[in-house]
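Remarks on the overall topology
Spelled out, the chains give:
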Amino acid sequence: MISRLRGLPARSGDALVLDVGGVGYLLHATPSVHRRAEAGGELTVETYLVVREDALQLYAFADAEERVLFEQLLSVSGVGPKVALAIVSGSAPVDLRRAIALDDTARFEAIPGIGKKTAQRVVLELKEKLGALEPVSIGAPKPHLVARDALVELGYSVADAEAALSEVDPELPPEERVRLALRTAA
């Protein structure tokens, strides 16, 4: 298995080519890797090799935490490498783990290509596996979902609602958090 690569990056369409000692590795990468590649200079990435009957595909991640989450997502039935990459690319791993711990399927449904059933399956199957890992710092109680859902009903995307609520004190009641988030956004 190829676990880590270091070399000089170059764009190749949606993918990234990493020149490592004269060998160019084609990588399907998260947006965080693409941002680091645009900065220029040598790039180190964590990788995961997917072996198929007709192809070998390398997926690149900015850190080991992204790769571990990607591997866990691959264990969910109905989730392949492209869907797992889309999920990992959608949010930071800590936010995705929080969404799983809170049974927040809407967070996953907001990702293009993820339907309601797949989102429910991801939450259900990974919630058990998260228990075996380091404890997830939930940080926000269930009222957080109430406030977020209220903002979504008002026309915010799930990601925009999360961003707006991140700037508001999580200890406030949901209705106060919504009011302050709307005031901050205006």
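See the structure printed just above.
Described below are features of the structure shown in this document. (Residues numbered from 1 in each chain as written. Predicted model: local features only at pLDDT ≥ 70, side-chain atom pairs only at ≥ 80, totals over all residues. Heavy atoms only, no water.)

1. Some words on the overall build of the protein chain
Helices and strands together make up the secondary structure of the protein chain, namely 9 helices and 5 strands. The order of α-helices and β-strands along the protein chain, N terminus first, is β-β-β-α-β-β-α-α-α-α-α-α-α-α. Dimensions of the protein chain, computed from the C-alpha atoms along their principal axes, are close to 60 × 35 × 30 Å. Evaluated residue by residue, the protein chain yields a buried proportion of 38% over its 186 residues. Counted over contacts in the protein chain with a minimum sequence separation of 6, partners at least 24 positions apart contribute 51%. Carbon and sulfur atoms make up 54% of the accessible area of the protein chain, which totals about 10,000 Å². (Helix = DSSP H or I, 4+ residues; strand = E, 2+ residues; numbered from the N terminus. Buried < 20%, exposed > 50% of the residue type's maximum accessible area, 1.4 Å probe, protein only. Contact = heavy atoms within 4.5 Å. Areas by Shrake-Rupley, 256 points an atom, 1.4 Å probe, with all protein chains shown as cover.)

2. A look at the nonpolar core
Counting 24 residues, the largest nonpolar core has Phe61, Phe70, Leu73, Ile87, Phe108 and Val122 as its most contacted members. Residue assignment for this core shows that the elements contributing at least two residues are strand E4 (43–51), strand E5 (56–61), helix H2 (64–74), helix H3 (81–90), helix H4 (93–101) and helix H6 (116–132). At 5 residues, the largest contribution of residues to this core is made by H6. Other than its neighbours up to four places away in sequence, phenylalanine 61 contacts Thr30, Val33, Val45, Glu46, Tyr48, Glu66, Arg67, Phe70, Leu85 and Val88. In this structure, Leu16, Leu18, Val33 and Ala60 belong to the second largest nonpolar core, which totals 11 residues. (Core = buried A, V, L, I, M, F, W, Y, C linked by side-chain atoms within 4.5 Å.)

3. Focus on helix H9 (residues 174–185)
The terminal C-alpha atoms of H9 lie 16 Å apart, and with 12 residues this matches the ideal 16 Å at 1.5 Å per residue to within 8%. Within the span of H9, buried status applies to Pro174, Arg177, Val178 and Ala181. Taken end-on, H9 shows its buried residues confined to a sector of 100°, consistent with a single buried face. Structural note: H9 exposes Glu175 and Arg183 on the side pointing more than 90 degrees away from its buried face. Where H9 is buried, its residues contact helix H7 (143–153) and helix H8 (158–166). (Expected span 1.5 Å × (residues − 1). Arc of directions from axis to C-beta.)

4. A short note on the side chain of arginine 67
With respect to the helices, strands and loops of the structure, arginine 67 is situated in helix H2. Of the polar contacts made by the side chain of arginine 67, one reaches the backbone oxygen of serine 3; its length is 2.9 Å. Not counting chain neighbours up to four residues away, the residues in contact with arginine 67 comprise Ser3, Glu46, Thr47, Tyr48 and Phe61. (Polar contact = N/O pair within 3.5 Å; in protein donor to acceptor, adjacent residues only side chain to side chain.)

5. Comments concerning the environment of arginine 11
Among the structural elements, arginine 11 can be located in strand E1 (residues 4–12). Ignoring anything within four residues of it in the chain, the contact list for arginine 11 reads Leu16, His34 and Glu38. Within polar-contact distance, the side chain of arginine 11 engages the side chain of histidine 34 at 3.0 Å.

6. Here's the deal with the packing of H7 against H9
Helix-helix packing is described using two parameters, namely the angle between the two axes and the distance between the axes. Interaxial distance between H7 and H9 falls to 8 Å at its minimum, and their mutual angle equals 45°. For the element pair H7 / H9, the angle class is oblique. The two elements H7 and H9 meet at a crossing, and its hand is right-handed. The residues of H9 that touch H7, namely those facing Pro143, His144, Val146, Ala147, Ala150 and Leu151, are Pro174, Arg177, Val178, Ala181 and Leu182. (Axes fitted to C-alpha atoms, helices over the stretch in contact; angles between N-to-C directions. Parallel < 35°, antiparallel > 145°, perpendicular 65-115°, else oblique. Left-handed = near helix turned anticlockwise from the far one by under 90°.)

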